[in-house]
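# Residue-level structure breakdown
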Amino acid sequence: CHFCKKLEKETLEQPQMAQYVNQRFVPVYLDFDRETRVVEILQVKSIPCSVVLTPQADLVGRLEGYVAAKEYGQMLVKATELQTRVQQARFTKDARKP
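Presented here is an overview of the structure given in this document. Not measured: the values here are computed from a predicted model.

### Overview of the overall build of the chain
- The secondary structure content of the chain amounts to 4 helices and 2 strands.
- Secondary structure elements of the chain occur, N-terminal to C-terminal, as α-α-α-β-β-α.
- Considering only C-alpha atoms, the chain reaches an extent of 55 × 30 × 15 Å along its principal axes.
- For the chain, with 98 residues in total, the buried portion stands at 26%.
- Here the contacts in the chain between residues at least 6 apart in sequence split such that 45% fall between residues at least 24 apart.
- Accessible surface, the chain: about 7400 Å² in total, of which carbon and sulfur atoms supply 53%.
- The distance from the centre of the 15 positive side-chain charges to the centre of the 12 negative ones in the chain is 7 Å.

Shown next, in the form of C-alpha cells:
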C-alpha cells in the first residue's frame, strides 16, 4: 500500500532508525492478506501497523498508519522502557516464589 511504502522509505530506511531497530529488535514483516491468523491474533485493523512484542509475546508498543521517524522512534523507546518494566516485574514475582 502507499502508506506502507512511505513508512518504509521515509521512516524505517533512515540510517539511525534502521540501526536502532536492527540492534534492539527482531523486525518481522507480515503480509496482511496472507497471514490472516497472525493479523487476527495481533488485532491489526489497518495497515501499515507496527507491533512491538517482548520475547514472551507481551504487547509493549503499537502504531497504526504512517508516522514520521521521530514519532516512530518515540514509540520504540517507550516500548523498550515498558519491556524493561515487564521484565523487572516478572523477576520480582519469580524471586518471591519459594
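Back to the text.
### Things to note about the packing of helix α2 (residues 15–24) against helix α4 (residues 69–96)
- Contact pair α2 / α4: the axes reach a minimum separation of 11 Å and the direction vectors enclose 20°. Relative to α4, α2 is oriented roughly parallel. In this structure, α2 meets α4 at a crossing whose hand is left-handed. Contact with α2, carried on its side by Met-17, Tyr-20, Val-21 and Arg-24, involves Ala-69, Tyr-72, Gly-73, Leu-76, Val-77 and Thr-80 of α4 and no other residues of that element.
- Partitioning the contact of α2 with α4 into residue classes produces 7 nonpolar, 2 polar and 1 charged.

### Quick word on a nonpolar patch on the surface
- The grouping of Val-26, Val-28 and Leu-30 at the surface amounts to a nonpolar patch, some 320 Å² of accessible area in total.
- Along the chain, the position of Val-28 falls in the loop between α2 and α3 (36–41).

### Focus on the packing of aromatic side chains
- Under the counting rule described, the total for this entry stands at 1 aromatic pair.
- Across from the ring centre of Tyr-66, 4.8 Å away, lies the NZ or CZ of Lys-6, which sits over that ring.

Conventions we followed
Residues numbered from 1 in each chain as written. Predicted model: local features only at pLDDT ≥ 70, side-chain atom pairs only at ≥ 80, totals over all residues. Heavy atoms only, no water. Helix = DSSP H or I, 4+ residues; strand = E, 2+ residues; numbered from the N terminus. Buried < 20%, exposed > 50% of the residue type's maximum accessible area, 1.4 Å probe, protein only. Contact = heavy atoms within 4.5 Å. Areas by Shrake-Rupley, 256 points an atom, 1.4 Å probe, with all protein chains shown as cover. Lys, Arg positive; Asp, Glu negative; His and termini not counted. Charge placed at Lys NZ, Arg CZ, Asp CG, Glu CD. Axes fitted to C-alpha atoms, helices over the stretch in contact; angles between N-to-C directions. Parallel < 35°, antiparallel > 145°, perpendicular 65-115°, else oblique. Left-handed = near helix turned anticlockwise from the far one by under 90°. Nonpolar A, V, L, I, M, F, W, Y, C, P; charged D, E, K, R; others polar. Patch = residues over 30% accessible without salt bridge, like charges linked within 9 Å, V, L, I, M, F, W, Y side chains within 5 Å. Salt bridge = Lys/Arg side-chain N within 4 Å of Asp/Glu carboxyl O. Phe/Tyr/Trp six-rings, centres within 6.5 Å; stacked < 30°, edge-to-face > 60°. Lys NZ or Arg CZ within 6 Å of the ring centre and 35° of its normal.

That is the geometry; function is a separate question.
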